[in-house]
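Report on the structure
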Amino acid sequence: MRRWTPYWLALPAWLWLAIFLVVPIAAMASVSLTTGNLIDGFTQTFSVSNYSDAIAKYSTQLVRSLVYGGVATVIMLVLGYPVAYWIAFKAGHRKSMFLFLLLLPFFVSFVLRTISWGFLLADDGILLGTLKGWGVLPQDFHVLATTVAVIGGLVYNFLPFMILPIYVALERVDPRVIEASYDLYASRLSTFRRVVLPLSLPGVFAGVLMTFVPATADPINAQVLGGTSNTMIGNIVQTEYLVNNDYPTASAISFTLMAVLLIGIFIYARALGTENVLEAAAR
Amino acid sequence: MPEDVPAIELDGVVKEYLAHGETVQAVKGVSLTIGEGEFFSLLGPSGCGKTTTMRMIAGFEEPTKGLVKLLGQDVTNVPPNKRDINMVFQSYALFPHMNVWENVAFGLRRKKVAEAEIKQRVGDILEIVDLTGREKRRPREMSGGQQQRVALARALVNRPRALLLDEPLGALDLKLRQQMQTELKRIQREVGITFVYVTHDQSEALTMSDRIAVMNDGLVEQLADPREIYERPASKFVAGFIGTSNLLSGTVDAVDGDLLVVRLGEHDRILVPGQAAAGDTVDLTVRPEKITISTERPEAGLSMVQGTVGELTYLGTYNSYAVALADGTEITVFQQNAIDSSTTAERGDTVWLSWRPQHSYTLS
């Protein structure tokens, strides 16, 4: 039965996902409704109060994470779109080299990269130290342990994930369609607004998804570059799990975050992914 | 058609590219005028410069030298969005994110035409191209022929001074292509706009054009109406490129009035109009369908050559003979399929080929 071959070949991956994704998520969902502690053990009580308690306790960090993730995503979009555009339309035969450069940072571990950013931004580090030495910056100026540092780190770490999908979408735009727009009396700006941008929206959507979600949930940047007032929800999950061993609370926070992100993405998809936006752009 | 102000005028247009550090001339000096309302074709093999020439008319390329004029006005350095010329692209280049109506209205909206007028004009043009009722379709939901007509409507709705068509029928299958040829001709008559048609398909150019510029290697080889191009090719290249041609080469034996007497083999005697002196070598051409094939010696006053039938191919409406002359030259002869489907000669037979002197031409 040759027509079953694709299914058989896909089976290991499905099993892998089922065992290592669905099962743990289900287990976590179950844990999030238990009560107890590490010493006495946890018992399933279907206690929904875990959620309301967690939200009440950590709403500040949750909102902060969404704001940081959102701001970082917007900055990445603003920085990344022109880069993707430039590589897709202007880089010529050196395209693959620039794509490689874009991926180069990934050859260094995520944590290490963030830590080296820490060195770079340290109060008396290479950058600030030098600038202070020159008298360009006041002596008490600091970046580390501020919102700017955390969002900057998020932007730095996730930027390629914004650029790549936009690049792929732009690369697929037929240059003759752009010429057709010029031919039909559209200016450069108008061509971008009516033709290039709408055709790249699927890439923008993917890019936003691939950056907003991990950036919002990321604990590393806040931990390495942030201070006590920059704690993000990822740090809370980490602390509750690994330090406090409060598994129900940690699970409840994780699920809350997941739900918020899913709802946000759903609204975003409805706004951007549907034909309405495209039709508006066609006018 | 008023000939005084030509719709399009190219004056000594040259286009050079830099490729791998070397300057390449894609167009080596083209001058031509296209009359208002004319169906004009740029015909040639790929790489002959026809597309580059058209892109310079559209404004996508700036000529290295020379002028492009539109209705007498110099538009050489005017960008495409400021030129009253529209283009139908080879792969249609429809906006994939817009429906038919939006595609067609695009140009008028950019020109800030009033919404009511846009509605009127888009409706009218969709009727002309027979797409009324499909306004809400997306390009990908349509067949190649329909997309083709959307592309046509999208350009024509702007009532440009001239419409440029870049191999617009290339992606269609034969049947649809033939249908669209007739259709294009009808639409051109109906709207009365100058059409500049770029193609490598000689039959397409011959069928539709008022005049054809045959291009080769960045230059115009011949500019004439289809009949002239076919019947009196000006160069070896044109003769070879348009239809099937027999190319012969021989020595002028004598000059008889305005006819040259050219000898090939012992029994051969070719009469051809031309200017040459006895002893000169001349190239000449004759179309396969102008040649009569017979087993008996033809009457005097005709050009005649003797040869042996090689391949005989049955092609439905006609038979094609490949006849080898004594010097090895192969001549193709088309013979209309007779009522009784008989053939004059078979493979291996010795035959006479003859044609009227005025059906052959010397080539430069």
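Reading the values: the criteria
- Residue positions are counted from 1 within each chain, in the order its sequence is given.
- Chain A is the first chain written and ligand 1 is the first ligand written, with later ones labelled in order.
- The predicted origin of the model limits local features to residues at a pLDDT of at least 70 and limits the giving and counting of side-chain atom pairs to 80 or more, whereas totals for whole chains, interfaces and linings rest on all residues.
- Hydrogens are left out, water is left out, and the side-chain values use all remaining heavy atoms of the structure.
- Secondary structure elements are defined from DSSP: runs of H or I of at least 4 residues count as helices, runs of E of at least 2 residues count as strands, and each element is numbered from the N terminus.
- For the exposure calls, accessible area comes from a 1.4 Å probe over protein chains only, and a residue counts as buried if that area is under 20% of its type's maximum, exposed if over 50%, partly exposed in between.
- By definition in these notes, contact holds between two residues if any of their heavy atoms fall within 4.5 Å.
- The positive count covers Lys and Arg only, the negative count covers Asp and Glu only, and His and the chain ends enter neither.
- To locate a charge, the coordinates of NZ of Lys, CZ of Arg, CG of Asp or CD of Glu are taken.
- To define a nonpolar core, start from buried Ala, Val, Leu, Ile, Met, Phe, Trp, Tyr and Cys residues and group those joined through side-chain atoms within 4.5 Å.
- Confidence scores here are pLDDT values: one per residue, from the predictor, ranging 0 to 100.
- A carboxyl oxygen of Asp or Glu within 4 Å of a side-chain nitrogen of Lys or Arg is what we treat as a salt bridge.

Counting its regular elements, chain A contains 12 helices and 2 strands. The order of helices and strands in chain A, counted from the N terminus, is α-β-β-α-α-α-α-α-α-α-α-α-α-α. Expressed along its principal axes, the backbone C-alpha trace of chain A runs to roughly 75 × 75 × 35 Å. Among the 283 residues that make up chain A, the fraction classed as buried is 39%. Once local pairs closer than 6 in sequence are excluded, the contacts in chain A between residues at least 24 apart make up 69%. One way to put it: in chain A the 16 positive side-chain charges average out to a point 13 Å from where the 14 negative ones average out.

On to the nonpolar core. In terms of nonpolar packing, the biggest core is built from 83 residues, with Leu154(A), Ile8(B), Leu32(B), Leu42(B), Phe95(B) and Leu164(B) touching the most fellow members. Residue contacts for Leu154(A): discarding those within four places in its chain leaves Tyr68(A), Ala72(A), Met76(A), Ala215(A), Asp218(A), Asn221(A) and Met232(A).

With that settled, the discussion passes to the confidence of the model for chain A. Taken as a whole, chain A shows an average pLDDT of 90; of its residues, 96% reach a score of 70 or greater. Note on residues 276-283 of chain A: pLDDT is under 50 here. Beyond four places in sequence and across chains, it has 16 contacts.

Turning to the pattern of salt bridges, a few remarks are in order. All names here are of chain B. Considering all chains together, one arrives at 19 salt bridges over all chains under this definition. Residue Glu-167 is joined to Lys-50 by a salt bridge in which the shortest nitrogen-to-oxygen separation is 3.7 Å. Placement of Glu-167 in the loop between strand E7 (162-166) and helix H5 (174-191) and of Lys-50 in helix H1 (residues 50-58) is noted, with a sequence separation of 117 residues between them. Using a relative accessible area of 8% as the deciding quantity, one classes Glu-167 as buried. A residue is classified by how much of its surface remains accessible, and Lys-50, at 4% relative accessible area, is buried.

A few words now on unusual backbone geometry. All names here are of chain B. Unlike most non-glycine residues, Leu-71 shows phi in positive territory, near 50 degrees. Tracing the chain through its elements places Leu-71 in the loop between strand E4 (65-70) and strand E5 (73-74). Positive phi is not limited to glycine here, since Glu-167 has a value of about 40 degrees.

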